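Each chain, written out:
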Amino acid sequence: MPVHRELLSRTARNAVRGWMSGLAMAAISEYWENEHFAPAADFTPGEGGVRKQTFDAYAASVDWTDADHVARALRVFESLLRRIDRDGRKGGGDGIAGDDLAELREAFGRDGIRLGDDLRLHTAQVSRLVLHTTQLAEPSGIHAELERVRRFGAEHVDDAIGAAKQLIEATAKVVLLERGLPVDERDDLPALIKQAQKALHLHPAALPPVATTSSPDNAESIRRILGALTSAAIGVAELRNRYGTGHGRLTAPSGLRSRCLSESSVCVFAGQV
């Protein structure tokens with residue numbers, strides 16, 4: 001069974017936890033319970049004062065590998081940070097500002113999450129990718145590249161492009177492994193794609209001539225679809241060569257940006273047009 005990776009790191013969680021000393025326990029519990037969390041029944045108190053322990057008890061009930069749980073926990077964090085900021089500004093204080101805000105932004109930024117000036121958290125990572133790999137002998141390479149795509153998302157577009165290319169490469173190698181075929185680490189991506197498609201009987205050249213059979217599996221439209229799949233995968237590799245990570249460059253690539261459906265939606269990378 002693959003080990004599912006946490007969608008929000010302990011670093012980001014601890015960055016919020018560190019602010020709990022300034023809040024009332026009732027407020028901490030209220031914000032967690034507003035998002036339908038309850039203290040974990042098997043929670044064992046660790047280090048920290050009673051307020052941090054209250055935070056920990058609720059945080060222990062979160063499945064940090066589950067996208068819905070993490071989305072609700074991020075709303076809790078927003079509420080907690082905004083409450084701390086409001087309380088700090090009462091009487092002319094600064095609230096959360098300066099170096100403190102920069103540290104919070106850095107902690108969340110590592111997970112592909114942007115903390116706005118209004119202390120709203122905006123997910124810029126691909127966090128809802130679902131992969132069923134329980135029957136694969138070695139899916140760790142695929143999971144690793146999916147995690148890179150999720151973490152870099154729209155914040156580091158060149159890294160996301162590089163991870164997308166490596167995800168295709170890792171998948172092709174897993175196909176060959178599962179089919180009992182040799183994997184040559186020296187093969188480039190087009191060669192690996194061709195081998196994987198042939199292993200799955202999905203390469204256009206492997207289909208019988210259309211004239212020899214009336215099966216819809218051999219229709220010209222199927223050939224075009226399979227050919228397009230090959231072209232798309234090779235296109236990602238070419239995009240990576242031009243814009244992605246993996247090469248030292250004289251000048252940094254420019255013209256890349258993200259495209260999002262909304263402020264809090266999943267983002268994808270795209271060339272500037």
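Residues numbered from 1 in each chain as written. Predicted model: local features only at pLDDT ≥ 70, side-chain atom pairs only at ≥ 80, totals over all residues. Heavy atoms only, no water.

Points about helix α5 (residues 98-109)
In this model, α5 (12 residues) spans 16 Å end to end at C-alpha, consistent with the 16 Å of a helix rising 1.5 Å per residue. Taken together, the buried positions of α5 are occupied by Leu101, Leu104, Ala107 and Phe108. Down the axis of α5, the smallest arc covering the buried residues is 125 degrees, so these residues share one side. Along α5, the residues that are exposed and aim more than 90 degrees away from the buried face are Gly98, Asp99 and Glu103. On its buried face, α5 is in contact with α1 (10-17), α4 (67-89), β1 (113-115) and β2 (121-123). (Helix = DSSP H or I, 4+ residues; strand = E, 2+ residues; numbered from the N terminus. Expected span 1.5 Å × (residues − 1). Buried < 20%, exposed > 50% of the residue type's maximum accessible area, 1.4 Å probe, protein only. Arc of directions from axis to C-beta. Contact = heavy atoms within 4.5 Å.)

What to know about the pattern of salt bridges
Applying the stated criterion across every chain, the model contains 14 salt bridges. For Lys173, the salt bridge goes to Glu185, with nearest N and O atoms at 2.6 Å. Of this pair, Lys173 sits in helix α7 (residues 157-178) while Glu185 sits in the loop between α7 and α8 (189-199), and the two are 12 residues apart along the sequence. Overall, the relative accessible area of 18% leaves Lys173 in the buried class. In this structure, a network of salt bridges that share partners links the residues Lys165, Glu169, Lys173 and Glu185. (Salt bridge = Lys/Arg side-chain N within 4 Å of Asp/Glu carboxyl O.)

With respect to the environment of Ala24
For Ala24, the location among the structural elements is in the loop between α1 and α2 (25-34). Distance in space between the C-alpha atoms of Ala24 and Val50 is 9.9 Å, their sequence separation being 26 residues.

A few points about unusual backbone geometry
Not every positive phi belongs to a glycine, and His36 is a case in point at roughly 65 degrees. The exposure class of His36 is exposed, given its relative accessible area of 69%.

Regarding the nonpolar core
One recurring pattern in soluble globular proteins: nonpolar side chains tend to sit buried together. In this structure, Leu8, Trp32, Phe55, Phe77, Leu80 and Phe108 are the most contacted members of the largest nonpolar core, which totals 34 residues. Breaking this core down by element, the ones donating at least two residues are α1, α2, α3 (50-59), α4, α5 and β1. Element by element, the count of residues in this core is highest for α4, at eight residues. By size, the runner-up hydrophobic cluster in this structure holds six residues, among which are Val175, Leu176, Leu192 and Ala196. (Core = buried A, V, L, I, M, F, W, Y, C linked by side-chain atoms within 4.5 Å.)

Some remarks on the packing of aromatic side chains
In this description, an aromatic ring pair is defined by two values, namely the gap between the centres and the angle between the planes. In the structure shown here, the tally under the stated rule is six aromatic pairs. Summarising the aromatic geometry, the rings of Trp32 and Tyr58 are spaced 6.0 Å apart at their centres and angled 5 degrees between planes, so their arrangement reads as stacked. With Trp32 in helix α2 and Tyr58 in helix α3, this residue pair connects regions lying 26 residues apart in the sequence. Judged on exposure class, the residue Trp32 and its partner Tyr58 are both buried. Geometrically, the ring pair formed by Trp32 and Phe77 is edge-to-face, given 6.0 Å between the ring centres and 90 degrees between the ring planes. (Phe/Tyr/Trp six-rings, centres within 6.5 Å; stacked < 30°, edge-to-face > 60°.)

A short note on the environment of Ala41
If you trace the backbone, Ala41 turns up in the loop between α2 and α3. For Ala41, a relative accessible area of 87% corresponds to the exposed category.

Read these as geometric descriptors, not functional statements.
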